[in-house]
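Listed below, chain by chain, are the residues.
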Amino acid sequence: AFIPGMTNGRIRLDGAAHYDDASHLTFNAKVQGDGLDYRYAAMRTKNAKLSFVASGNRDQINLTQMTLSDSDLSAQGDGSLAHLSTLAFNGNLSGLTLRRGLEKLGVPNLPYSAVLSGPIRLLADLQNGRPRLLQGSANLNVKQSAGLIPVWGALAGAYDAHAQRI
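In this text, all values refer to a predicted model and were calculated from it rather than measured experimentally.

1. Describing the overall build of the protein
Within the protein, the secondary structure is distributed over one helix and 10 strands. Here the protein, with 166 residues, has 28% of them falling under the buried criterion. Long-range contacts, defined here as pairs at least 24 residues apart, represent 35% of the contacts in the protein between residues at least 6 apart. With the model as given, the accessible surface of the protein reaches about 10,900 Å², and the carbon-plus-sulfur share is 56%. Separation between the mean location of the 16 positive side-chain charges and that of the 12 negative ones in the protein comes to 9 Å.

2. Here's the deal with the pairing of strand 4 (residues 60–70)
One face of the sheet, then the other: side chains in a regular strand alternate in exactly this way. Taken together, the seven bridges between strand 3 (residues 43–56) and strand 4 define a ladder with antiparallel strand orientation. Bridging from a neighbouring strand, Lys49 pairs with Ser69 of strand 4. Counted between consecutive antiparallel strands, the loop separating strand 3 from strand 4 contains three residues. Bridge count between strand 4 and strand 5 (residues 73–82): nine bridges; the pairing is antiparallel. What sits directly across from Thr67, in strand 5, is Gln76. Here strand 4 folds back onto strand 5, and the loop between the two strands holds two residues.

3. Topic: the environment of Arg100
Along the polypeptide, Arg100 turns up in helix 1 (residues 98–104). For Arg100, the residues in contact, after removing those within four places along its chain, are Arg44, Thr45, Asp70, Asp72 and Leu73.

4. Things to note about the pattern of salt bridges
Note that side chains of opposite charge can pair when their charged atoms are close. Evaluated as defined, the whole model comprises seven salt bridges. Residue Arg10 is joined to Asp34 by a salt bridge in which the shortest nitrogen-to-oxygen separation is 3.4 Å. Taken together, the residues Arg10 in strand 1 (residues 6–20) and Asp34 in strand 2 (residues 24–40) connect sequence positions 24 residues apart. Of the residues examined, Asp34 reaches a relative accessible area of 23% and is grouped as partly exposed. Each of Arg10, Arg12 and Asp34 takes part in salt bridges that share partners, so that together they form one network.

5. Section: the environment of Asp37
Relative to the helices and strands, Asp37 resides in strand 2. Note on Asp37: relative accessible area 12%, which makes it buried. Between the alpha carbons of Asp37 and Ser145 there is a distance of 26 Å; along the sequence they are 108 residues apart. In this structure the side chain of Asp37 is engaged in a polar contact, spanning 3.4 Å, whose partner is the side chain of Lys46.

6. Focus: the side chain of Asp70
Examined against the element boundaries, Asp70 turns out to sit in strand 4. Among the polar contacts made by the side chain of Asp70, one reaches the side chain of Arg100 at a distance of 2.8 Å. Setting aside residues up to four positions removed in sequence, Asp70 forms contacts with Thr45, Lys46, Asn47, Ala48 and Arg100.

7. Digging into a nonpolar patch on the surface
Together, Leu105, Val107, Leu110, Tyr112, Leu148 and Ile149 make up an exposed nonpolar region whose accessible area comes to about 570 Å². You can see Leu148 is positioned in the loop between strand 8 (132–144) and strand 9 (149–150). Exposure remark for Leu148: the relative accessible area of 72% places this residue in the exposed category.

About the cut-offs
- Once a new chain begins, its residue numbering starts again from 1 and follows that chain's sequence as written.
- Where local features are concerned, this predicted model is filtered to residues with pLDDT of at least 70; where side-chain atom pairs are given and counted, the filter is 80 or more; whole-chain, interface and lining totals use all residues.
- Excluded from the side-chain calculation are hydrogens and water; included are all heavy atoms of the structure.
- A run of H or I in DSSP becomes a helix once it reaches four residues, and a run of E becomes a strand once it reaches two; helices and strands are each numbered from the N terminus.
- Burial status follows relative accessibility: with a 1.4 Å probe on protein chains alone, a residue under 20% of its type maximum counts as buried, one over 50% as exposed, and anything between as partly exposed.
- Two residues qualify as a contact provided that any one of their heavy atoms is within 4.5 Å of a heavy atom in the partner residue.
- Here, Shrake-Rupley sampling with a 1.4 Å probe gives the accessible areas, and only protein chains in the shown set may cover a residue.
- We score Asp and Glu as negative and Lys and Arg as positive, and we do not count His or the chain ends.
- Lysine's charge is taken at NZ, arginine's at CZ, aspartate's at CG and glutamate's at CD.
- DSSP bridges decide pairing: two strands pair if at least two such bridges lie between them.
- Should a side-chain nitrogen of Lys or Arg be within 4 Å of a carboxyl oxygen of Asp or Glu, the pair is scored as a salt bridge.
- In the analysis that follows, any N or O atom pair within 3.5 Å is treated as a polar contact, provided that within protein one partner can donate a hydrogen and the other can accept it, and provided that, for residues neighboring in sequence, both atoms belong to side chains.
- Patch membership needs two things, relative accessible area over 30% and no salt bridge, and members are linked within 9 Å if like-charged or within 5 Å if nonpolar (Val, Leu, Ile, Met, Phe, Trp, Tyr).

As structure tokens, this is what we get:
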């Protein structure tokens, strides 16, 4: 299957599906991926690992025990996919360098060094193969790391595309 933005990797699916007139199609599966290279707009990961348990039907897929990691960050949590188009995720982020996080926001080459970790929430539209963030929030701890100008503290932020508010 074609996954927009995916350029490399392997995804394995192990599960079962059931169909009847009352509940229609329902399923439960363990999904694991490795060596995943993904790029879309400012979002980029290389040689990532992914795993989660998916269960549900065409209207609602529950995504539990989600883990995504690459060389310098990881995210764990739970989510859902409504009508194969709206992704919700609640979890924890760890290991994200301040430099990488700022580059994702279009702010390259700042001399500050730190590692970010803490709870995140995301709501994204996945229609037309183009992920679009609808809402997001984070309450991150900022821990100093080796570099030109180490920084530390806390960072809280929220984004709402509909209200056009950061």
